[in-house]
Amino acid sequence: MFDLIITFFCNNNFFVSAVSNVDILAGVFDKYLAGMSNVRILSILLMLLAIIVFLFLVIVVYVKSIISFLKLDKTADKNSSQTIAHEIFREKTEEELALEKQKQQELEDEKIRQEEERQNLLRQQEELNRQQELKAKQEQEILLKKQEQEKEQEKIKQEQKKVYSRENPIDLDWEKGKIKELEKEIPSLVSEEILSYKQTKIPLPDLTGLVLDMLARRVDDLKIAQTVMYRNQGQSSEDAILQIIEETKNFIALLTKDKFLEISKLHNLPSKEEALYHLSEGDATYALAMLEALMDANIQQASSMTNGEKREALFMQTSYMACTFGTLASLQDIHLATGAFELAIELYPSNVNAWNRAADMYLAAGSNNQAAKFYQKVIDLSDEEINAQELANANKMLSQYYYGQGNNLLAAKLYNSSKFYYDSLGINRHLDKQEIEIVEIIEKNQQNDLQKTVANLLGSKDFQLSYSA
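Note that this is a predicted model, so its numbers are computed, not measured.

Overview of the overall build of the protein
Okay, so step 1: On a plain count of helices and strands, the protein comes out with 19 helices and zero strands.
Okay, so step 2: A separation threshold of at least 6 residues defines the contact pool for the protein, and within that pool the share at least 24 residues apart is 67%.
Okay, so step 3: By element, 56% of the accessible surface of the protein is carried by carbon and sulfur atoms, the whole surface being about 31500 Å².

Things to note about the confidence of the model for the protein
Okay, so step 1: Considering every residue of the protein, the mean pLDDT works out to 80; 77% of them sit at 70 or more.
Okay, so step 2: This stretch, residues 160-198, has a pLDDT under 50; its non-local contacts, to residues over four places away or in other chains, come to 15 contacts.

Overview of the side chain of Asn-353
Okay, so step 1: For Asn-353, the position within the fold is in helix α14 (residues 352-364).
Okay, so step 2: On the basis of relative accessible area, Asn-353 is assigned to the buried category, the value being 9%.
Okay, so step 3: Separated by 2.6 Å, the side chains of Asn-353 and Gln-243 make a polar contact.
Okay, so step 4: Apart from residues no more than four positions distant in its own chain, Asn-353 is found in contact with Gln-243, Glu-247, Cys-323 and Glu-390.

Considering the packing of aromatic side chains
Okay, so step 1: Scanning all chains against the criterion turns up seven aromatic pairs.
Okay, so step 2: An angle of 45° between the planes, with centres 5.0 Å apart, marks the rings of Trp-355 and Phe-374 as tilted. You can see Trp-355 sitting in helix α14 and its partner Phe-374 sitting in helix α15 (residues 368-381), a full 19 residues away along the chain. The pair formed by Trp-355 and Phe-374 is uniform in burial state, with each residue classed as buried.
Okay, so step 3: With a centroid separation of 4.9 Å and an interplanar angle of 75°, the aromatic rings of Tyr-362 and Phe-374 are classed as edge-to-face. Note that Tyr-362 is positioned in helix α14 and Phe-374 in helix α15, a separation of twelve residues in sequence. The pair formed by Tyr-362 and Phe-374 is uniform in burial state, with each residue classed as buried.
Okay, so step 4: Three or more aromatic residues joined by ring pairs make a cluster, and in this case those are Tyr-320, Tyr-348 and Tyr-467.

What about the packing of helix α12 (residues 309-329) against helix α13 (residues 334-347)?
Okay, so step 1: One way to put it is that α12 packs onto α13 with a least axis distance of 8 Å and a crossing angle of 165°. By the angle between their axes, α12 is roughly antiparallel relative to α13. Crossing hand, α12 versus α13: left-handed. The residues of α13 that touch α12, namely those facing Phe-315, Thr-318, Ser-319, Ala-322, Cys-323, Phe-325, Gly-326, Thr-327 and Ala-329, are Leu-336, Ala-337, Ala-340, Phe-341, Ala-344 and Leu-347.
Okay, so step 2: Looking at the contact of α12 with α13 residue by residue, the classes come out as eleven nonpolar, four polar and no charged.

A look at unusual backbone geometry
Okay, so step 1: At Arg-218, a residue that is not glycine, the phi angle is positive and equals roughly 60°.
Okay, so step 2: If you trace the backbone, Arg-218 turns up in the loop between α6 (208-216) and α7 (221-232).
Okay, so step 3: In this structure, Gln-233 is a non-glycine residue whose phi angle is positive, near 55°.
Okay, so step 4: Checked against the element boundaries, Gln-233 lands in the loop between α7 and α8 (238-256).

Quick look at the side chain of Asp-213
Okay, so step 1: Topologically, Asp-213 is positioned in helix α6.
Okay, so step 2: What makes Asp-213 buried here is its relative accessible area of 2%.
Okay, so step 3: Here Asp-213 is in contact with Ile-442, Gln-446 and Thr-453, once residues within four sequence places are set aside.

Focus on the pattern of salt bridges
Okay, so step 1: This model, assessed by the stated rule, comprises 17 salt bridges.
Okay, so step 2: Of the charged contacts in the structure, one is a salt bridge between Asp-462 and Arg-218, with a shortest N-O distance of 3.0 Å. You can see Asp-462 sitting in the segment after α19 (450-459) and its partner Arg-218 sitting in the loop between α6 and α7, a full 244 residues away along the chain.
Okay, so step 3: Residue classification places Asp-462 among the exposed positions, given a relative accessible area of 55%.

Calculation rules
Residues numbered from 1 in each chain as written. Predicted model: local features only at pLDDT ≥ 70, side-chain atom pairs only at ≥ 80, totals over all residues. Heavy atoms only, no water. Helix = DSSP H or I, 4+ residues; strand = E, 2+ residues; numbered from the N terminus. Contact = heavy atoms within 4.5 Å. Areas by Shrake-Rupley, 256 points an atom, 1.4 Å probe, with all protein chains shown as cover. pLDDT = per-residue confidence, 0-100. Buried < 20%, exposed > 50% of the residue type's maximum accessible area, 1.4 Å probe, protein only. Polar contact = N/O pair within 3.5 Å; in protein donor to acceptor, adjacent residues only side chain to side chain. Phe/Tyr/Trp six-rings, centres within 6.5 Å; stacked < 30°, edge-to-face > 60°. Axes fitted to C-alpha atoms, helices over the stretch in contact; angles between N-to-C directions. Parallel < 35°, antiparallel > 145°, perpendicular 65-115°, else oblique. Left-handed = near helix turned anticlockwise from the far one by under 90°. Nonpolar A, V, L, I, M, F, W, Y, C, P; charged D, E, K, R; others polar. Salt bridge = Lys/Arg side-chain N within 4 Å of Asp/Glu carboxyl O.

As structure tokens, then:
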């Protein structure tokens, strides 16, 4: 309603009509006042009338300007609302595009991951096929070798039959009816030793790789000793095998505890990995170089100290370390090992194991009398509980010595004492069929698993020194 009133007053026709009405009104007043003599009063009335019209026009103009302003304000509000709506729409569109792009990226990443998994599966399948082919090839080679051996044995058997036939002709006339008895009297052409399976003897240096492999698998020490005894077939004594296992563990403990770290800065020593790689091949050269440098450093440090408990403790530690050196050296050089055990005795005369191992070296070198003296020293120094292993070895070796001297009674007593100890450990017990198969699998994969074996050994925190260092 208000808008209609304002529009009516703002119309141009309204102004034209108002002006014409004013003119008519002025004419009326002019006629009415024509007879009046007072012109001044007429002028005042006209002036008032003109003022009223002017004020009315001003009001109309002001109202019209307000209406125009209101219309402009509504237009601006409408435009602003449209702009805000457009911005909101644009923001929503950008978010949707971003979400769509993210989904596409996720799909592409999923495709890449699936492709990588497929490739990994293909590589694993190829590796499995390769291993199966290699296994089949090895089995085929073993089968062919076995067939060749059987053919060779059969050939030897036939040759022996021919020789026996020529040397022992059978008279079928007067020996008729006695062919079966003669066949019974014919000695076996192939001995039982040839026909029965016999384990190949492997020297102790060639079994260090097996020892390291089984240590990496956390196999019990006595089970390792039993396995090595089975593969060594009596070439080395029980004590020698137990000593190799124990001192190998001591050397690994020195590596994992970084005992060579400081001296490596002063000497060009091999790395930990190199030492264990070579030791697995029966080559203790690298390990001995590291042990020698550490022993020299300890002896030099102890020599510079005044007499006291710390000095004696350092000499004792180095003495046991010399036993580790000597045991590993015995794999290749008996004379070097002997010198190491003599050094161990010099550094710490109460080291029972040093006397025991030095005696083993004298015996291996043929110095039986000197070995007997050292074994007797072991018996004199030993505690039956602490040094049970050294005591058993000394008793066994002295039993052989006294048996050679003709003292059978003392020899039997010492031998039975040592046999009781080793039987209680069970290391001389034969492996069963399943255990043999497991050992064969370990040995078959030993070289391929060597890198993993070394990493497991060096990364283990389970190895502890049997002596304080």
